[in-house]
Amino acid sequence: MNKPANKDGTVGKALEILDIVAGLGRPVRFTELLSLSPHPKATLYRFLQTLTNQGMLTYDEDRQSYSLGLRLVRMAHAAWESASLAPVAGSILDELANEVGETIHLAQMENGQVLFVDKRRNTALFETLAATGRVAPAHCTGVGKAILAFMSPERLERALKQQAFVTYTDASHSSRESLLAEFDDIRRDGVAFDREEHEQGIISIAAPVLLQNGKVVGSVSIATSTSRRSLEQLETFKPALLQATQLIGEAATVWQFPS
């Protein structure tokens with residue numbers, strides 16, 4: 001079934017098409033785009049032609065498929081450099097990963113979801129769903145809860161309205177009330193835990209990245225599997241994690257990270 005039409009005019013409709021192509025993560029043919037978009041055939045074709053002419057999409061005549069264009073890639077890279085914590089956090093994440101020997105995630109909040117902007121994987125024994133460029137729910141991830149708990153009341157209210165409270169496992173928060181009840185502990189301890197709330201068998205400890213004015217701009221987590229460590233063992237990494245997030249926050253403040 002097609003989605004409701006975008007109400008943000010021509011630009012919004014064009015961006016919606018780009019989102020579909022980007023979300024699939026592979027070349028896509030016109031017929032598949034037609035089934036996923038709310039636009040009639042002629043309208044969709046016109047948008048695709050315009051996006052291709054502008055370099056936002058590229059069209060492979062042999063495969064008859066569309067993929068993201070180089071102009072869009074250049075714009076995305078520029079946005080990544082100016083609005084992502086990754087450039088200032090890279091060396092700090094390297095040091096943290098080497099110290100703890102576990103998977104490290106750097107995340108930011110976007111439209112109520114967490115966007116993973118960097119990752120360090122120090123073991124091949126397990127893999128998490130989180131990958132650079134991927135999004136995940138905020139209500140059931142360590143990085144998400146660490147950000148939410150330190151938001152201003154206004155930002156938090158907006159973010160909570162964007163949570164679907166899907167229960168991915170038996171441990172997932174299923175309501176606004178149960179999530180809010182955990183925030184006092186997170187604020188007191190300075191860290192949040194993912195207790196197999198998003199992925200069965202995956203746990204993490206996360207801490208917020210705060211600018212010097214106190215605004216939360218992201219979070220860092222140390223993730224592992226329950227076959228490797230317990231939550232109590234993860235908690236021993238808290239001093240190293242807090243030191244890393246403090247250093248990232250200081251670097252982001254000096255860099256004048258967008259706030």
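Heads up: the structure comes first, above all this text.
Residues numbered from 1 in each chain as written. Predicted model: local features only at pLDDT ≥ 70, side-chain atom pairs only at ≥ 80, totals over all residues. Heavy atoms only, no water.

A. How the structure looks around the overall build of the protein. For the protein, the helix and strand inventory stands at 10 helices and 9 strands. Put simply, the protein has 259 residues, and 46% of those count as buried. Counting every atom, the protein has about 13600 Å² of accessible surface; 51% of that belongs to carbon and sulfur. (Helix = DSSP H or I, 4+ residues; strand = E, 2+ residues; numbered from the N terminus. Buried < 20%, exposed > 50% of the residue type's maximum accessible area, 1.4 Å probe, protein only. Areas by Shrake-Rupley, 256 points an atom, 1.4 Å probe, with all protein chains shown as cover.)

B. Layout of the nonpolar core. Ranked by size, the top nonpolar core spans 30 residues in total, and within it Leu96, Val220 and Ile222 carry the most contacts. Put simply, the parts of the chain that give this core at least two residues each are α5 (86–100), β4 (103–110), β5 (113–120), β8 (202–210), β9 (216–225) and α10 (238–254). Tallying contributions element by element places α5 first for this core, with 8 residues. Ignoring sequence-local partners within four residues, the contact set of isoleucine 222 consists of Leu96, Val100, Glu102, Thr103, Ile104, Ile203, Ser204, Ile205, Leu234, Phe237 and Leu241. In terms of nonpolar packing, the next biggest core, distinct from the first, is built from 21 residues, Ala107, Ala149, Phe183 and Ile186 among them. (Core = buried A, V, L, I, M, F, W, Y, C linked by side-chain atoms within 4.5 Å. Contact = heavy atoms within 4.5 Å.)

C. Main features of the packing of helix α7 (residues 153–161) against helix α8 (residues 176–189). Across the interface, α7 lies against α8 with an axial gap of 12 Å and an inter-helix angle of 140 degrees. The orientation of α7 with respect to α8, classified from their angle, is oblique. α8 is crossed by α7, and the crossing has right-handed handedness. Contact residues: α7 offers Leu156, Glu157 and Leu160, while α8 offers Arg176, Leu179, Leu180, Phe183 and Arg187. Of the residues assigned to the contact of α7 with α8, the class counts are 5 nonpolar, no polar and 3 charged. (Axes fitted to C-alpha atoms, helices over the stretch in contact; angles between N-to-C directions. Parallel < 35°, antiparallel > 145°, perpendicular 65-115°, else oblique. Left-handed = near helix turned anticlockwise from the far one by under 90°. Nonpolar A, V, L, I, M, F, W, Y, C, P; charged D, E, K, R; others polar.)

D. Up close: the sheet that holds β8. With antiparallel pairing, 6 strands are arranged side by side in an open sheet as β6-β5-β4-β9-β8-β7. The sheet is open, and its two edges are formed by β6 (135–137) and β7 (192–195), each paired on a single side. Each strand of the sheet is rotated relative to its neighbour by a mean of 35 degrees, with strand direction disregarded. Looking at chain direction, β8 and β9 are connected through 9 bridges and run antiparallel. (Pairing = 2+ DSSP bridges.)

E. Main features of the pattern of salt bridges. Counted under the stated rule, the structure contains 12 salt bridges. Note that glutamate 102 is salt-bridged to arginine 228, the shortest N-O span being 2.9 Å. Linking glutamate 102 in the loop between α5 and β4 with arginine 228 in the loop between β9 and α9 (231–235), this pair joins segments that are 126 residues apart in sequence. Since its relative accessible area comes to 0%, glutamate 102 is described here as buried. Since its relative accessible area comes to 30%, arginine 228 is described here as partly exposed. Its salt-bridge partner being glutamate 197, residue lysine 145 comes within 2.8 Å of it at the nearest N-O pair. Taken together, the positions of lysine 145 in helix α6 (residues 142–149) and glutamate 197 in the loop between β7 and β8 put the pair 52 residues apart, joining distant regions of the chain. Several salt bridges share partner residues, and in doing so they unite Lys145, Glu182, Arg195 and Glu197 into one network. (Salt bridge = Lys/Arg side-chain N within 4 Å of Asp/Glu carboxyl O.)

F. Up close: the sheet that holds strand β3 (residues 65–68). Strands sit in the order β1-β3-β2 across an open sheet of 3 strands; the sheet is antiparallel. The sheet is open, and its two edges are formed by β1 (28–29) and β2 (57–60), each paired on a single side. As paired elements, β1 and β3 share 2 bridges and run antiparallel to each other. Each bridged residue has a counterpart across the sheet, and for arginine 29 the counterpart in β3 is serine 65. Across the sheet, helix α1 (residues 9–24) is in contact with β1, β2 and β3; its angle to β3 comes to roughly 90 degrees. Of the strands in this sheet, β2 and β3 touch helix α3 (residues 41–53), which is tilted by about 105 degrees from β2.

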